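Topology and contacts: notes
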Amino acid sequence: MKRIAILGLGNSVLGDDSVGLRVASGVEEARDRIAATVPGLGVFQDEAGGWQILDHVEGFDVLILVDAIQDPALETGQLAWYPRGVFRSPRISGVHNADVFQALELARGQGLHVPGEVHVLGVGIPESVTFSEQCSPPVEAAIPAAVAAVFGKIRELVTAGG
Amino acid sequence: MKSIVIDPITRLEGHGKITIFLDEEGQVANTYFQIPELRGFEKFLEGRPIEEAPRIVPRICGVCPACHHMASGKAVDAVYHVEIPPVARKLRELFFMGEYIHSHVAHFYALAGPDFVLGPGSEKAKRHVLGIVEKVGLEIGGKVLTFRKHGHEIMRAVGGKCTHPVYNVPGGVSRPLTAEQRGEVERMSRECVELAKFTLGLFAKVVLENPAYMEIITGPVYQLDVHDMGLVDEKNRVNFYDGRVRVKDTKGNEIAKYAASEYLDVVAEHVEGYTYLKFPYLKKFGWTGFTEGAESGVYRATPLSRLNVADGMATPLAQEHYEAFVGTVGKPCKLTLATHWARLIELMYACERAVELATDPEILDPNVRTIPTATPTEGVGIVEAQRGTLTHHYATDERGIIRKANLIVGTTNNHAAITLQIKKAAGHLIRKGQAVSEQLLNMIEMAFRAYDPCFSCATHSLPGHLPMDVELVDASGRITDVVRRR
């Protein structure tokens, strides 16, 4: 069975930008629901990104990333799964080092066991440049649905023979 | 009048925008470097207990958390009027060396390296760390990954957490180092020294021995004649964690040397309406606008500046490379791209210093904290962040609740210099009637990439990666040409 890692990204004191961390926290709290069927599930949070994600994902086959996104096509709090290479926040782009996908390729090239399959869940947010420890009400309200979406993706992966 | 907009800048933390205005002749008339900086971090600190500050400030962003943690920790000690035990000072510095290693390695291999190893005009799709691996060989990928990991693991072994450290507490650090952790840190640090040797060797081979690159480095496009600032120890050698801030003028004469608490005697901040980010300048000269030269108030605080203000490096291999550096580019050196070389010399220093600290006979001393007893008041802490001198200044009430906070972050010091440098580079590179190519844009970006700038914010973008748009707008506001990076 494939080992699945969930990694929530965000800034914990930057309002809506923290939503990825909160979704990961929600998945962690509810992991008992699937612990029996998905052994070895890894749930992590990181406020950095880029090649620093390598600290979390070694030994896993599939990576599910959750992050906030400013996408004109999304309402605030709306969820969307993005194909690889379409959505990259600065954390995913790793604008200060290497992007997540380059980092995984770099590690794979060195024979490290890192995820070859990556899914990215974006949560629509408005501009977020003011410090706050709270998400706005529509983003806060989206967290349970985002947690459910992550569990749905896990089920899908397991059902597909993951 | 035409304008060229570069927005947002690639390979730069956060969101930035460059606007280049052209005159009727197609020559560069002016440039603006705009940063929609995060709002209100200093306000966010107000009302918080002072002891929380070192745990809050690393969350400004995920790029240099240990720098903020260190400057904040030192400021909190000053607020409490407490002297930390000698071993706590060494442990903090050891932790800090881990971040220096991680950050400087990232800058060279992922950000600056592609410009040199692959060439400034290389295909954009390959201008990243994987491109370096493809060009230099698979072996280098393993070295980069090991180097990166060791930087982080040194921090983790010493302080427990690296992205958001909880290590500094008022009066010291939260835990002593165990013998087992010390051994691991020593092993990794020694390996890092070897990796730094390899990296400096690669730089020498690829850059210093390449006449074409040396012509770019020493040419007029990337020179800037401004003052320098950096932290030095009691022997005027580069120090990242402690000492006094030394300022030298454009000719290399010392014009100030100040303790943290004296920073407002030397530095003031200018505000422009078009950007949230302030422009610090030297009070001695006043704000002279975006000007170079002996009478300008503009200064830089970069790896190059640190080498310019210091009399040398405190570790043997770094000193060897420093001497080669001065012998090649002179001192004071005003060649912006030489900052990359200076950064690698600092990388060597960080690795060697980590070995020194890990093998210090005192490093396992369990006396890692002096409990503060004085009433908290006000204090300033300064360290050298990778991107420049970092100042944290807090004032509290008698219960230790923060009433006022002021931060001058590393990149902010260089804001005016970066603006000037972009204008200079654009002025040399953009010519009437010449198409604005992607390669040309990259060479303008090189003007500020040398500063390793970090304007962290939560900008997210579609599609694919951070795009760069260049718009040519004529005097009537009509877009005449668009270059898009997608």
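The shown structure was predicted, so the numbers you read here are calculated from the model rather than taken from an experiment. (Residues numbered from 1 in each chain as written. Chains lettered and ligands numbered in written order. Predicted model: local features only at pLDDT ≥ 70, side-chain atom pairs only at ≥ 80, totals over all residues. Heavy atoms only, no water.)

A look at the overall build of chain A
Within chain A, the secondary structure is distributed over five helices and five strands. Reading the secondary structure of chain A in the N-to-C direction produces β-α-β-α-β-β-α-α-β-α. When burial is assessed residue by residue, chain A has 60% of its 162 residues classed as buried. (Helix = DSSP H or I, 4+ residues; strand = E, 2+ residues; numbered from the N terminus. Buried < 20%, exposed > 50% of the residue type's maximum accessible area, 1.4 Å probe, protein only.)

Let's talk about the pairing of strand 1 (residues 4–9) of chain A
Residue and element names in this part refer to chain A. Burial analysis of strand 1 places six of its six residues in the buried class, which makes it a mostly covered element. Inspection of the sheet shows strand 1 paired to strand 3 (residues 62–69) by five bridges, in the parallel sense. What sits directly across from I6, in strand 3, is I64. By the bridge criterion, five bridges tie strand 1 to strand 2 (residues 42–46) in an arrangement that is parallel. Following the sheet pairing, L9 is matched in strand 2 by D46. (Pairing = 2+ DSSP bridges.)

Looking at helix 8 (residues 211–218) of chain B
All names here are of chain B. Within the sequence span of helix 8, burial applies to Y213, M214 and I217. Burial along helix 8 is one-sided: seen end-on, the buried residues are contained in an arc of 100 degrees. Away from the buried face of helix 8 by more than 90 degrees, exposed residues P211 and E215 are located. As for helix 8, its buried residues are in contact with helix 4 (86–118), helix 7 (179–208), helix 11 (316–329) and helix 12 (338–358). Its side-chain oxygen 2.9 Å from the backbone nitrogen of A212, N210 forms the N-cap of helix 8. (Arc of directions from axis to C-beta. Contact = heavy atoms within 4.5 Å. Polar contact = N/O pair within 3.5 Å; in protein donor to acceptor, adjacent residues only side chain to side chain.)

Section: the domain arrangement of chain B
All names here are of chain B. Domain parsing of chain B yields domain 1 (1–37 + 417–453) and domain 2 (44–416). On a C-alpha basis, the centres of domain 1 and domain 2 stand 26 Å from each other. If you look at the interface, domain 1 gives 28 residues, while domain 2 gives 41 residues. Interface of domain 1 and domain 2: buried area, both sides summed, is about 3200 Å²; carbon and sulfur atoms make up 58% of it. On inspection of domain 1 and its partner domain 2, the count reaches two salt bridges. Across the pair K424 and E292 runs a salt bridge, and its minimum N-O distance is 3.1 Å. Counting every contact that joins domain 1 to domain 2 gives 17 residue pairs in polar contact (both at pLDDT 80 or more). Contributing elements (two or more residues each) for the side of domain 1 that touches domain 2: strand 4 (28–34), helix 14 (415–429) and helix 15 (438–449). The residue makeup of the side of domain 1 that touches domain 2, split by class, is 15 nonpolar, six polar and seven charged. (Domains from an automatic or database assignment. Buried area = accessible area lost by both parts, 1.4 Å probe. Salt bridge = Lys/Arg side-chain N within 4 Å of Asp/Glu carboxyl O. Nonpolar A, V, L, I, M, F, W, Y, C, P; charged D, E, K, R; others polar.)

Brief notes about the sheet that holds strand 7 (residues 227–232) of chain B
All names here are of chain B. Pairing in this open sheet of four strands is mixed, and the strands run 9-8-7-12 from one edge to the other. Taken across any chain shown, the strands that pair with only one partner, and hence form the sheet edges, are strand 9 (254–258) and strand 12 (299–300). Where strand 7 meets strand 12, two bridges bridge the pair, whose relative direction is parallel. Paired with H227 across the bridge in strand 12 is Y299.

Digging into the side chain of A:S18
Note that A:S18 resides in the loop between strand 1 and helix 1 (19–29). What A:S18 contacts, discounting residues up to four positions off in sequence, is A:N11, A:S12 and A:C135.

Observations regarding the environment of B:A416
All names here are of chain B. Within the fold, A416 resides in helix 14. For the pair formed by A416 and G289, sequence separation is 127 residues and the distance between their alpha carbons is 8.4 Å. The contacts of A416, once residues within four sequence positions are left out, are F279, W287, F290 and V298.

Digging into the packing of aromatic side chains
Evaluation of the coordinates by the stated rule reveals 14 aromatic pairs over all chains. Considering the side-chain rings of A:F44 and A:F60, the 5.8 Å spacing of their centres and the 80 degrees angle between planes classify their relative orientation as edge-to-face. Placement of the pair is A:F44 in strand 2 and A:F60 in the loop between helix 2 (54–57) and strand 3, with a sequence separation of 16 residues. For A:F44, a relative accessible area of 23% translates into the label partly exposed. Taking the relative accessible area as the measure of exposure, A:F60 reaches 5% and is therefore buried. Where B:W287 meets B:F290, the ring centres are 5.3 Å apart and the plane angle is 90 degrees; that geometry is what we call edge-to-face. By way of ring pairs, the aromatic residues B:F108, B:Y109, B:F203, B:F325 and B:W341 are connected into one cluster. We note A:K153 situated over the ring of A:W81; from NZ or CZ to the ring centre the distance is 4.7 Å. Positioned over the ring face of B:F198 is B:K143, at 4.8 Å from the centre of the ring. (Phe/Tyr/Trp six-rings, centres within 6.5 Å; stacked < 30°, edge-to-face > 60°. Lys NZ or Arg CZ within 6 Å of the ring centre and 35° of its normal.)

Things to note about the packing of helix 5 (residues 129–136) of chain B against helix 6 (residues 138–159) of chain B
All names here are of chain B. Where helix 5 contacts helix 6, the axes come no closer than 6 Å and their chain directions differ by 135 degrees. Considered as vectors, helix 5 and helix 6 are oriented oblique to each other. When helix 5 is examined against helix 6, the residues V129, I132, V133 and V136 are found in contact with a partner set consisting of L138, I140, G141 and V144. Each residue belonging to the contact of helix 5 with helix 6 can be placed in one class, and the counts come to seven nonpolar, one polar and no charged. (Axes fitted to C-alpha atoms, helices over the stretch in contact; angles between N-to-C directions. Parallel < 35°, antiparallel > 145°, perpendicular 65-115°, else oblique.)

Side note on the sheet that holds strand 15 (residues 402–408) of chain B
Residue and element names in this part refer to chain B. Pairing within the open sheet is antiparallel, and its three strands lie in the order 13-14-15. This sheet does not close on itself; its edge strands, each paired only once, are strand 13 (378–385) and strand 15. Averaged over all pairs of adjacent strands, the angle between strand axes in this sheet comes to 15 degrees, irrespective of strand direction. Both strand 14 (residues 388–396) and strand 15 contribute to a ladder of six bridges, which runs antiparallel. If you follow Y394 over to strand 15, its bridge partner there is A405. Lying on the sheet, helix 3 (residues 65–79) is in contact with strand 13 and strand 14; it crosses strand 13 at an angle near 155 degrees.

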